[in-house]
Amino acid sequence: MSDSRELPIGICKVCAKDFVRTNSMHIVCGRVCAARMPVIRRKDEKAKTHAMREALKTLPDLRKEAQTEFNAFIRARDEGKPCICCGEFPKSYSLTGGEWDAGHYRSRGAAIELSFDERNCHAQLKHCNRRAWDVASYRKNLIERIGVDEVESLEGNHPPKHYTRDDLRALRDYYRAKKQALVKEQR
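Residues numbered from 1 in each chain as written. Predicted model: local features only at pLDDT ≥ 70, side-chain atom pairs only at ≥ 80, totals over all residues. Heavy atoms only, no water.

Draft legend 1. Representation of the environment of asparagine 157. Along the chain, asparagine 157 falls in the loop between α5 (148-155) and α6 (165-186). Assessed through its relative accessible area of 82%, asparagine 157 is described here as exposed. In the structure, asparagine 157 is positioned 58 residues away from glutamate 99 in sequence and 32 Å away in space, judged by C-alpha atoms. (Helix = DSSP H or I, 4+ residues; strand = E, 2+ residues; numbered from the N terminus. Buried < 20%, exposed > 50% of the residue type's maximum accessible area, 1.4 Å probe, protein only.)

Draft legend 2. Molecular detail of the state of the cysteines. Applying the stated criterion to the full structure yields 0 disulfides. In this model cysteine 29 remains outside any disulfide bridge; the closest cysteine sulfur is found in cysteine 33, 3.6 Å from its own. You can call cysteine 29 partly exposed: its relative accessible area is 36%. Not engaged in a disulfide, the cysteine cysteine 83 finds its nearest cysteine sulfur in cysteine 86; these two sulfurs lie 3.8 Å apart. The class of cysteine 83 is buried, set by a relative accessible area of 2%. (Disulfide = S-S within 2.5 Å.)

Draft legend 3. A look at α6. Along its 22 residues, α6 runs 32 Å from first to last C-alpha, staying within 8% of the 32 Å computed at 1.5 Å per residue. Among the residues making up α6, those that are buried are Leu168, Arg169, Leu171, Arg172, Tyr175 and Leu182. Across the axial projection of α6, the buried residues extend over an arc of 170°, all falling on one side. Of the exposed residues in α6, those oriented more than 90 degrees away from the buried face are Asp166, Lys184 and Glu185. Next to the buried residues of α6 lie α1 (31-56) and α2 (59-77). (Expected span 1.5 Å × (residues − 1). Arc of directions from axis to C-beta. Contact = heavy atoms within 4.5 Å.)

In short, the description is geometric, and any link to function would need to be established separately.
Below you can see the structure in the form of structure tokens.
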């Protein structure tokens, strides 16, 4: 009399094909997939670790990351333009933070709600942004770039913005993608 039991069928963890399982520890269909299994596991572990680290980030951590990406976008956007404050060009053209800052017209300390407003931030030489900041020159040059109505809008009152973790992650990712697209377009 023949045994009518069916052989257990499994799905390979690597290639997702059906295979006959010989025991409960059998999770891949053959030698090729077995050789690839450690790589798959490392990728899974790396993804889990990244997700855990992302979940543990605080609001200040995320705000800093978003501001970094925003500032990098501003420097890339204003590549080839003179300093918004003094109208000079730098000795070098490194837009990775070398001689350039992303200078806010209304500072982040004075108007935190304008931190991520593209009208409020422009490429500025470090010595202008950090030591010799001339608000009159900045305002005059800003009016030439964006118009008097926009400058007066920036100078007015704005409702406070309370960013959530998801808001800051979205801003970070948005400006990272926007900068990458701009850099690709400029090439």
